[in-house]
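# Remarks on the overall topology
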Amino acid sequence: VDGVPVEVPTSARNGWVITARRLFEDGGASVFAGGRGRTASVPAASENARPSGRRRGAAAVVICTPNNPTGAVVPPIELRRIARECARRGAFLIIDRTYAGFEFERPPEPARLSRLPENVILIGSFSKVFAMTGWRVGYIAASAELIEQALKAQDTTIICAPTIGQIAVRAAMKARRGVAPAFLAELRRRRDYVQKRVAAVKGWSSVPAAGGFFTFIRIDGLKDSTAFAFDLLDRAHVLVMPGRIFGGAGEGHIRISFGVADVPRLRTAFDRIGAGR
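First, a word on scope: everything that follows refers to the structure included in this document. (Residues numbered from 1 in each chain as written. Predicted model: local features only at pLDDT ≥ 70, side-chain atom pairs only at ≥ 80, totals over all residues. Heavy atoms only, no water.)

### Focus on the sheet that holds strand β3 (residues 120-125)
Here is the rule: Strand pairing follows a simple DSSP-based rule, namely that at least 2 bridges must link the two strands. In this text, helices come from DSSP runs of H or I with a minimum length of four residues, and strands from runs of E with a minimum of two, each type numbered from the N-terminal end. Only the stretch in contact is used when a helix axis is fitted, and all axes are lines through C-alpha atoms; the angle between N-to-C directions ranges over 0 to 180 degrees. We call two residues in contact when some of their heavy atoms are within 4.5 Å.
Ordered in space as β1-β2-β3-β4, the 4 strands form an open sheet in which the pairing is mixed. Edge positions in the sheet fall to β1 (60-64) and β4 (138-141), since each of these pairs with one other strand and no more. Going from strand to strand, the sheet's axes swing by 15° on average, the running direction of each strand aside. By the bridge criterion, 4 bridges tie strand β2 (residues 92-96) to β3 in an arrangement that is parallel. For Asp 96, the partnering residue across the bridge sits in β3 and is Ile 123. Along the sheet face, helix α3 (residues 76-88) touches β1, β2 and β3 and points at about 150° away from the line of β2.

### So, the packing of aromatic side chains
Put simply, the test is: When the centres of two rings from Phe, Tyr and Trp lie within 6.5 Å, Trp using its six-membered ring, the rings pair. Their planes under 30 degrees apart give stacked, over 60 give edge-to-face, and anything left gives tilted. Residue exposure (1.4 Å probe, protein chains only): buried if accessible area is under 20% of the type maximum, exposed if over 50%, otherwise partly exposed.
Applying the stated rule across the entire model yields 9 aromatic pairs. Arranged with centres 5.6 Å apart and planes meeting at 75°, the rings of Trp 16 and Phe 216 form a pair that is edge-to-face. Here the residue Trp 16 occupies a position in the segment before α1 (20-24), and Phe 216 occupies one in strand β6 (residues 214-219), the gap between them amounting to 200 residues. Take Trp 16: its relative accessible area is 12%, and that puts it in the buried class. By relative accessible area, Phe 216 is classed as buried at 4%. Aromatic pair Trp 204 and Phe 228: ring centres 6.4 Å apart, planes at 65°, arrangement edge-to-face. One end of the pair, Trp 204, is in strand β5 (residues 204-206); the other, Phe 228, is in helix α7 (residues 225-236), and 24 residues separate them in sequence. Taking the relative accessible area as the measure of exposure, Trp 204 reaches 6% and is therefore buried.

### Considerations on the pattern of salt bridges
Applicable threshold: Each salt bridge in this description consists of a side-chain nitrogen of Lys or Arg and a carboxyl oxygen of Asp or Glu lying within 4 Å of one another.
Under the defined criterion, the tally for this structure stands at 13 salt bridges. In this structure, the salt-bridge partner of Arg 191 is Asp 192, at a minimum N-O distance of 3.1 Å. A residue is classified by how much of its surface remains accessible, and Arg 191, at 11% relative accessible area, is buried. Sharing partners across several salt bridges, the network here consists of Glu 85, Arg 88 and Arg 89.

Put into C-alpha cells, the structure is as follows:
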C-alpha cells in the first residue's frame, strides 16, 4: 500500500519500552513532522483531526506489547499517552497484542473495553494464549468504518479462518481458559535462569523480559549477528535469532526463546555455548 516504514529504536536503559516522548519528541518526531530521516508524507493535522480509512497519506504507529524480541511490556498509561498524541496528529495507533496474557507483572485491567478510541486498532491472536500456534486464528478491533475496509482485503485473500480453528477458539473462550498461572510461573523461572546464565558470560548482557518468552541479549563488539547465529548453530547446535532481522537497532544482539525450552534444556544450551568459547 506504498507505506514507508520508519524504525524508532528503543533502549535497554528503560527496558526497551517505547514511549510517547521517544516517538514524538526524540528521533521519532520525523515520522510525523517530515523533518529528518526516511519519513512519510503526512499532512498537518488539527487538534480534532480523526484518521480516516480513506485518507491519503495517513500515518500509523505500530506497537507490539508484550514485545517480540525484547520482552518489553508497554504500560497502559504510556499507551494512553501515545493514543492521545496520535489522535491529535491525525494518526492511527495499531496495538499488536499477540502475546497478551504473557505479562509477568500484569497491572489490574478492566474486564473489557467500554469504548475504543476511533484512531486505535487492536490486533491479536489466539495462537499463543490458547497454545494453538499452528491454527492461526486472530482478531481485530477497530471502528466500524475501518473494519468495513479491512473486510474487503480479508474477503479477497483468505475469506475467513478455517472452521475447525473457529470451533476450537470458541470452545476455549467459553471455558475462559487462557495462559495457565502455573505455566506463567514456569516461564518466569526460565526467564530468571536465562538471566543468570547470560550474566555469567563475559561481554553478554540482557534486560529481564517483562512479558512473552524471549530474551534479547547484547554481545559486546558483535558486528554481524547473522554470522554469529549460524556459527553458534554449527558449533554448539544451539538455535538463536540474529538481532539484525528485527531492525537496524537490533544488530549486535541475539534473541533466545524459552517458550518451549525448559530449564534442563536451557542448561544444556548454555553449557554448549560456554564449551565452545
